[in-house]
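Letter by letter, the chains look like this.
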Amino acid sequence: MATTWKFTAKEIVEKPDLFTSGHRACAGCGPAIALRQIMKATRGPTIVTNATGCMEVVSTIYPYTAWKVPWIHTAFENAAANASGIAAALKAMKRKGRLQEDIDIIAFAGDGGTFDIGIQALSGAAERGHDFLYVLYDNEAYMNTGIQRSGGTPHGASTTTSPAGKVIPGKRQYKKAIADIMVAHEIPYVATASIAYWQDVLMKTRKGLEVEGPAFLHVLAPCPRGWRYDTSKTIEIAQLAVETCIFPLWESTDGQCSLSPQSKIVALKPERKRPVKEYLETQRRFRHLLTPEFESEIDNIQKMTDKRWNKLLRRCNLVSL
Amino acid sequence: MTVVSVQQNVLALNGDEAVALAVKQSDVDVVAAYPITPQTIIVERFSEYVADGEVDTEFVCTESEHSALTACLTASATGVRTFTASASAGLALMHEILYVTSGCRAPVVMAIANRALSAPINIHCDHSDSMVERDSGWIQVYVENSQEAYDSIIQAFRIAENPEVLLPVMVCLDAFFLSHTLENVRVLSDDIVQGFVGLRKIPLVASHEGKKVPFRLDPENPITIGPLDLYDYYFEHKRQQEEAMNHAPQVIKRVHDEYAQLSGRRYGNGLIETYELEDAEIAAVCVGSTAGTAKTVVDELRAKGVKAGLLRLRTFRPLPTADVKEALESVRAIAVMDRSNSFGGNGGPVFHEIRHILYDSKTHPHVVNYIYGLGGRDMPQSLIRGIYRDLGEISETDRVESRVHFAGVRE
């Protein structure tokens, strides 16, 4: 894969926004930042499709739209099927000589639309091998409907359907390893990214567009409302998730897994790996874990984080440390 | 009198094969489908056309009906002609996307091999699957035989894609009675069909930037399809859908007439088909293949001097209100035959509609309902004779003992 693009700050500032301002996302919204970054990495004509969710709702309140590209939303569980239909149409038009140019397709869906209700359509589209980039913007709960837990919500987080109560300290289950599931589909490109590292997001977006066939990009995108933190802290928290190895950055190209620079440095210099507690403390969705009653949960989260991190290191052929 | 102007071949086809052939000839760009009995033959035949290089179509075997219709919808929004087929549980799984398809004004064409809904699971014919979707904003055409299935699919693309309509169309054929039963079907040549359907025309719409742009996902002229639409605009958009439905009858009739000129085949006026109805005193109303059996019974009764007639509803949506009223007003007693039930609704869906239409008639004919044939239960001539016998009594006594009946069931 030729990686001739660099995405300098100057270059991306000069490129007009395709996801424009004026949308109705909250202050400090991580997903809106993710979308803006990703749309800076497009390489030509692009069609975008969105699952139902925050980003669909805030960007297209009729008669307004924040999109400078053709855009379609149909339902919640079918973003990948949307992309499949568009890809099939473009292919048919090309075959019949009614279309010459290459058009990229990007499907955006949140964690609910991906981990939960949309996984069937996603799996089907990945198996069929349509040429599109699927972007999971992960804010770790159903934020649009009022912060309900999803398969992407982390262990211990308090949501409105996994509330921290007197006896149950938030969500009991651990986050589903969605990107691993996509690697198991043997699609050409799977990557994780965090909006704290914009250049990495752009590079991975472009790689996902460049490969022939399906690509999956899992972007961690903090939500001030749902995670309960000050709107100015979105990027800091997105960075801490990587530094604590709660959300490591890696990519899998044709099945070859490698750590991205921000996580690789932690692998090479373990002293830079920060304890998960530092991440959990920043968000009030975890504040019940800081009480004596439930503090053992922090150890559980640390253990699970380490276990997954070590598994990732082995997969990237780095010694488990 | 219609002049048949083109050569046609007679092929032995079942209903599903007739549909597949019509799709093949209609220059469809994307077919996305998922298998379900008794629709499978449509998809199987079509995949053979693809495998043999007989079509240029992009064929997508999706992982569910939900995704099949979704893919057709977005492909259609990208500007191409699309087709899918389903039945029963598959159509039920599509339910959400049926509304989205009509709401996005995507002219998708779909064949339904009408099959019962679970539970208990049953693969045979009734109309429960499509009747429940009557409010989904799709045009619904119910056919009597495989010939009509073939003809109706070809017409459906022209109707759906007409800029005055721009609504999806469902062509419904009875499971097994039609889907799997061989029939002589007269087929047009590929050229003739392609000439008839033509290339899909994309209407122009006003973009959010105030430009007139093609109504499709086009990077040159970006538009947003399927936005969030709240109380300030949603109602107007739903009103526009009703307006599109109001345009549909004229377009359906026009396309039906034009096709008749080409093929020599007519199905009433395209909306309803009347049989021996002009001077009828008693009449049955039905949709689908039962009409064939009922026509035989009507012939028999007429030979005995009984003034019996039949009305077959070809389009259930849009409901041909004026046509039905005019055709049935002078009949004294009418039996509406429903191959599905509306539980607790005091009668089946066709019955509700026919009675609603006749409420405004000055003559107020008696209208009774016979729910029959659920789960593929046969509807023999003997049962239909019984229905006409009941109608004779109602007409004579001017009294209705019981309004809703279940015909051919063990009580």
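The structure displayed is predicted, hence computed values, not measured ones. (Residues numbered from 1 in each chain as written. Chains lettered and ligands numbered in written order. Predicted model: local features only at pLDDT ≥ 70, side-chain atom pairs only at ≥ 80, totals over all residues. Heavy atoms only, no water.)

This next bit is on the overall build of chain A. Scanning chain A from terminus to terminus reveals 13 helices and 8 strands. With respect to the principal axes defined by its C-alpha atoms, chain A has extents near 70 × 45 × 40 Å. Looking at chain A as a whole, 60% of its 321 residues are labelled buried. Contacts in chain A between residues at least 24 apart in sequence constitute 71% of all its contacts with a sequence separation of at least 6. Seen as two clouds, the 41 positive and the 32 negative side-chain charges of chain A have centres 1 Å apart. (Helix = DSSP H or I, 4+ residues; strand = E, 2+ residues; numbered from the N terminus. Buried < 20%, exposed > 50% of the residue type's maximum accessible area, 1.4 Å probe, protein only. Contact = heavy atoms within 4.5 Å. Lys, Arg positive; Asp, Glu negative; His and termini not counted. Charge placed at Lys NZ, Arg CZ, Asp CG, Glu CD.)

The strand order across the open sheet built from 9 strands is β8(A)-β7(A)-β5(A)-β6(A)-β4(A)-β3(A)-β1(A)-β2(A)-β11(B), with neighbouring strands paired in mixed fashion. Of all the strands in the sheet, the pair left with one neighbour each is β8 (256–259) of chain A together with β11 (224–225) of chain B. Of the strand pairs in this sheet, strand β2 (residues 71–73) of chain A and β11(B) are connected by 2 bridges, and their pairing is parallel. Residue A:I72 lies in a different strand from β11(B), and its bridge partner there is B:I225. (Pairing = 2+ DSSP bridges.)

Often, the extent of an interface is quoted as the loss of accessible area on bringing the components together. Residue and element names in this part refer to chain B. When cut into domains, chain B gives domain 1 (9–202 + 232–263) and domain 2 (272–407). Spacing between the C-alpha centres of domain 1 and domain 2 amounts to 27 Å. Residue-level contacts link 29 residues of domain 1 with 26 residues of domain 2. On the domain 1 side of the interface with domain 2, the three residues burying the most area are M131, R134 and E144, jointly 29% of the side's total. Linking domain 1 to domain 2 there are 6 salt bridges. Across the salt bridge formed by R312 and E148, the nearest N and O atoms sit 2.9 Å from each other. Listed by contribution, the elements that provide at least two residues to the side of domain 1 that touches domain 2 are α5 (128–131), β6 (139–142), α6 (146–161) and α8 (234–263). Here the side of domain 1 that touches domain 2 gets 6 residues from one element, more than from any other, and that element is α8. Looking at the side of domain 1 that touches domain 2, its residues break down into 14 nonpolar, 8 polar and 7 charged. (Domains from an automatic or database assignment. Buried area = accessible area lost by both parts, 1.4 Å probe. Salt bridge = Lys/Arg side-chain N within 4 Å of Asp/Glu carboxyl O. Nonpolar A, V, L, I, M, F, W, Y, C, P; charged D, E, K, R; others polar.)

Residue and element names in this part refer to chain A. Judged by side-chain charge, R225, R228, R284 and R287 come together as a positively charged surface patch. Note on placement: R284 falls in the loop between α12 (276–280) and α13 (296–315). Residue class for R284 comes out partly exposed when judged on its relative accessible area of 48%. (Patch = residues over 30% accessible without salt bridge, like charges linked within 9 Å, V, L, I, M, F, W, Y side chains within 5 Å. Areas by Shrake-Rupley, 256 points an atom, 1.4 Å probe, with all protein chains shown as cover.)

All names here are of chain A. Applying the stated criterion across every chain yields a total of 47 salt bridges over all chains. As a salt-bridge pair, R172 and E297 come within 3.3 Å of each other at their nearest N and O atoms. Taken as a pair, R172 in the loop between β4 (133–138) and α7 (178–184) and E297 in helix α13 lie far apart in primary sequence, 125 residues in all. Exposure remark for R172: the relative accessible area of 34% places this residue in the partly exposed category. One salt bridge in this structure joins D180 and R315, with 3.1 Å as the shortest N-O distance.

This part takes up helix α6 (residues 119–128) of chain A. The α-helix winds at 3.6 residues per turn, so residues separated by three or four positions along the chain end up facing the same way. Those residues of α6(A) not exposed but buried are A:A121, A:L122, A:G124, A:A125 and A:A126. Packed against the buried residues of α6(A) are α4 (79–95), α5 (112–116), β4, α7 and β6 (215–220) of chain A together with α3 (65–78) of chain B. Two residues or fewer after α6(A) comes A:G129, characterised by a positive phi angle close to 80 degrees.

Throughout the structure, instances matching the rule amount to 12 aromatic pairs over all chains. When the ring of A:F76 is compared with that of A:Y142, the centres are 6.1 Å apart and the planes differ by 85 degrees; the resulting orientation is edge-to-face. Highlighted residues: A:F76 in the loop between β2 and α4 and A:Y142 in the loop between β4 and α7, separated in sequence by 66 residues. Overall, A:F76 belongs to the partly exposed group, its relative accessible area being 25%. Classification of A:Y142 by relative accessible area gives buried; the value is 19%. Ring centres 6.0 Å apart and planes at 90 degrees place the aromatic pair B:F46 and B:Y49 in the edge-to-face group. In this pair, B:F46 and B:Y49 are both assigned in helix α2 (residues 40–51), 3 residues apart and thus about one turn of the helix distant. (Phe/Tyr/Trp six-rings, centres within 6.5 Å; stacked < 30°, edge-to-face > 60°.)

In this section: unusual backbone geometry. A negative phi angle characterises most non-glycine residues, just as the trans form characterises most peptide bonds. In this chain, B:S118 is followed by B:A119 through a cis amide linkage whose omega measures -5 degrees. Cis geometry marks the peptide bond from B:A119 to B:P120; its omega dihedral reads -5 degrees. Within the fold, B:P120 resides in the loop between β5 (109–114) and α5. If you check the backbone angles, A:F7 has positive phi at about 60 degrees while not being a glycine. Positionally, A:F7 belongs in the segment before α1 (9–14). The phi dihedral of A:I147 is positive, around 65 degrees, even though this residue is not glycine. Topologically, A:I147 is positioned in the loop between β4 and α7.

The subject of this paragraph is the interface of chain B and chain A. Facing 43 residues of chain B, the contacting portion of chain A comprises 40 residues. Of the roughly 3,400 Å² buried where chain B meets chain A, counting both sides, 62% is carbon and sulfur surface. Contact with chain A buries surface across chain B, with B:E58, B:P219 and B:L228 losing the most and accounting together for 17% of the total. Counting across the chain B and chain A interface gives 7 salt bridges. We note a salt bridge from B:D27 to A:K96, for which the minimum N-O separation is 2.9 Å. Inspection of the region where chain B meets chain A yields 18 residue pairs in polar contact (both at pLDDT 80 or more). At the level of secondary structure, the elements contributing two or more residues to the side of chain B that touches chain A comprise β3 (58–61), α3, α4 (88–103) and β11 of chain B. The element contributing the most residues to the side of chain B that touches chain A is α3(B), with 9 residues. Split into classes, the residues belonging to the side of chain B that touches chain A amount to 21 nonpolar, 12 polar and 10 charged. (Polar contact = N/O pair within 3.5 Å; in protein donor to acceptor, adjacent residues only side chain to side chain.)

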